[in-house]
Amino acid sequence: MQIFDLNSRIRDLYAHPVGHDVIEKILLQAGISKRLVLHPLVGTLRLSFLKRLMGKRLGDGFFECLIGLLNRSPDRLALSSDNVSPADKTAPLPWWKTAVFYQIYPRSFMDGNGDGIGDLAGIESKLDYLKALGVDALWLSPIYDSPGDDNGYDIRDYTKIDPQFGTMDDFDRLLGAIHARGMRLVMDLVVNHTSDEHRWFKAALSSPDSPYRDFYFLRKKPNNWTSFFSGSAWNEYQDEGVWGLHLFSRKQMDLNWDHPPMRQEVYTMIRWWLEKGVDGFRLDVINYISKTTMPDPENELPDGHPFIGDLMGFTGIEHYFHGPRLHQYLKEMRQEAFAPYDAFSVGETPGVGMEMGKLLTDDRRGELNMIFSFDHLETPGHTRFDIYEYDLNYYKDYLIDWMEHYADSSWMSLFYDNHDNPRMVSKIDHTHRFRWELAKLLGMIQMTLKGTPFIFQGQELGMINKDFKSIEDFRDVETLNRYRELCGSSSDTDAFSRILAGSRDHARTPVQWSSAPNAGFSPVFVTPWIKNDGDEAHCNAADQEGDDRSCLTFYRRLTKLRRKTAAFTKGTITFEHKKVHDLLCYRRSFENEHYLMIFNLGKELLPLPGGRNRLIVEIAHYDLILSNYPVDPPVPGQVSGHSAEKKDNQLRAYEGRIYKMKHNGQL
């Protein structure tokens, strides 16, 4: 077992799964290429030399903090494709590897009872729409009883349905209707924290002798950790003489996973839902459940390093993003709750990169089935609240790296949008000039890569960011807190521009079902809980339903193609012409079927590569089976200024093509 100290070299750290992902995260945040670390000379440098060189800039204890993080990790070696047994290509894949998932944010999906809030009845009314889209499994954001401080991610009672969504009878009926259509249901589960109105937390505050006191982090003094929703991560409870830890909102109190009775309560609750027939869970910020501790009678949680806090934007994160007992607790949860029901699990894991992802998802380890890693959602040097246009060439490099190096015994989640991020179409093209081409292009990539695609509601329609006009239009607690924080250091106008760039509310406005007032989400005489901006006149499901060239129709073709094409689920993947800027080119092959995908990732015309292996020559052996551009004539408002005439030797702005090899073709 390797022990790290100041004599360790950078290459030794980079070979460790945690060290690898930490270094890459730091480089990503700083906007520095990882080629710097891969340079042979840099790799030989010892930490002691770097400490002498950069110690004053990084601050006291930085290198000791990094060394401690690696040494307390229970896993010393990365699981690479070199030491993983080859997958059995003849074995049937588990259902979640071939499925198309669809995330529903219940408050915004469909209002079934006319009160302006989406609900379970509304979801049930749209099941046939989802089935026709080609969806195999639904993921519901939280519908549990909640005060709603963070739109349901602050759970008050895990075994009750929030009245705004309906009743448990409504849930049982919805679950039965989903299963009757051959689909599955995955629930969102938040067990890093609960609402401060949960009975456990109320009991914990009631007395120092309460058996629930150790369910949470209630301490005599706070440390310097900061909240993801701005400010300190501690609440003071003066009457009780304690401080309580909350990594998120002030009403979301962190659970203490080091306390065995608390873990058993969680496992009992999970089994309760699985007994009802739920097919699995998405686990919210699940990699945060284990915190580093030290022997301090007043607060055993150590202070975060100031430099790391400034770099990452959150002080203390190094003490919980990959805690010392994370793998132990995930294995225990799998064995005691998930495994007896053969239930599916996908973990939301902020800060986790590829090598740590292997440790969490390797089939042989018995932890999670999949993770959501977020390093592809922002380009190097940027955060969600920065104002910039996303370059798809970074996504290309990210994909190639993961597709070529993620172990066969792990499985990748494929997504762009979710309830916590602005719409990817808008991040790439602020003008929305290429809205429809981009929406279709992203779907083509998502449905043909190796992994499981997750569609977020409205993505199949080409929904974009909202044109919010004032801070009063927003509802998200993170957005409102960030705005107040930014106003303290910049003008109101600049602060509004920043939150407009990164607010989670862009993804939380009602699904645009029709061009009617309220987008067909609620009755016209009801004001929805959050407003749309009029885009439903240009983008809605009803108008796209009968349009052969619409985004909705295109997504239906994609899911149908994926379902009938074994190469897209079981096949190998090979990337070509990697260094050609704006070109993403790869092949998928399984048995005697071969597919070629080529995509223009930019706004300009892209000539296909020349030379001995010209793509224009290769595609003569293939049939074009799907493109996101019509051949003739162009559709008003949906095709860019370039001619829609088909040109095999060049790709138009954000053009994508899927080819299938002819029977007499040659590889």
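In short, a report on the structure. (Residues numbered from 1 in each chain as written. Predicted model: local features only at pLDDT ≥ 70, side-chain atom pairs only at ≥ 80, totals over all residues. Heavy atoms only, no water.)

For the coordinates displayed, the defined rule picks out 45 salt bridges. Notably, a salt bridge pairs Glu 348 with Arg 282, separated by 3.2 Å at the nearest N-O pair. Of this pair, Glu 348 sits in strand S12 (residues 344–348) while Arg 282 is found in strand S11 (residues 280–283), placing the two residues 66 residues apart along the sequence. Residue Glu 348 shares its accessibility class with Arg 282, and that shared class is buried. (Salt bridge = Lys/Arg side-chain N within 4 Å of Asp/Glu carboxyl O. Helix = DSSP H or I, 4+ residues; strand = E, 2+ residues; numbered from the N terminus. Buried < 20%, exposed > 50% of the residue type's maximum accessible area, 1.4 Å probe, protein only.)

Bringing the packing of helix H11 (residues 168–180) against helix H13 (residues 260–276) into the picture now. Two numbers describe how H11 lies on H13: the axes approach to 11 Å, and their chain directions differ by 55 degrees. Of the possible angle classes, the one that applies to H11 and H13 is oblique. Residues Met 168, Phe 171, Asp 172 and Leu 175 of H11 touch H13, and the partners they reach there are Trp 272, Trp 273 and Lys 276. Of the residues that constitute the contact of H11 with H13, the class distribution is five nonpolar, no polar and two charged. (Axes fitted to C-alpha atoms, helices over the stretch in contact; angles between N-to-C directions. Parallel < 35°, antiparallel > 145°, perpendicular 65-115°, else oblique. Contact = heavy atoms within 4.5 Å. Nonpolar A, V, L, I, M, F, W, Y, C, P; charged D, E, K, R; others polar.)

This part covers the layout of surface pockets. The space that makes up the second largest pocket amounts to roughly 790 Å³. Around the second largest pocket sit 24 residues that line it, and Ser 33, Lys 34, Tyr 394, Asp 397 and Tyr 398 are the ones nearest its centre. Counting residues per element, the ones that place at least two in the lining of the second largest pocket are helix H2 (17–30), helix H3 (35–38) and helix H17 (392–405). (1 Å grid on protein atoms, 1.4 Å probe; cavity = no way out; pocket = protein on both sides within 12 Å on 5 of 7 lines; lining within 4 Å. Points joined across faces, edges and corners; volume = space filled by probe spheres on them.)

Enumeration according to the criterion identifies 47 aromatic pairs in this entry. Relative to Tyr 654, the ring of Phe 434 lies with its centre 5.5 Å away and its plane at 65 degrees, an arrangement referred to as edge-to-face. Taken as a pair, Phe 434 in the loop between helix H18 (424–428) and helix H19 (435–448) and Tyr 654 in the loop between strand S21 (650–651) and strand S22 (656–661) lie far apart in primary sequence, 220 residues in all. Just as Phe 434 is buried, Tyr 654 falls in that class too. Three or more aromatic residues link up through ring pairs in this structure, and these residues are Trp 95, Trp 96, Phe 101, Trp 139, Phe 344, Phe 372, Phe 374, Phe 415 and Phe 454. The ring of Trp 529 carries the charged tip of Arg 107 above its face, separated from the ring centre by 4.2 Å. (Phe/Tyr/Trp six-rings, centres within 6.5 Å; stacked < 30°, edge-to-face > 60°. Lys NZ or Arg CZ within 6 Å of the ring centre and 35° of its normal.)

Our focus in this paragraph is the sheet that holds strand S17 (residues 583–590). The antiparallel open sheet is built from five strands, whose spatial order is S16-S17-S18-S22-S20. Among the strands making up the open sheet, the edge pair consists of strand S16 (572–576) and strand S20 (622–627). The sheet shows a mean angle of 25 degrees between the axes of neighbouring strands, taken without regard to direction. As judged from the five bridges shared by strand S18 (residues 593–600) and S22, these two strands associate in the antiparallel manner. Opposite Met 597, over in S22, you have Ile 658 as the bridge partner. Running at roughly 140 degrees to S16, H17 makes contact with S16 and S17 of the sheet. (Pairing = 2+ DSSP bridges.)

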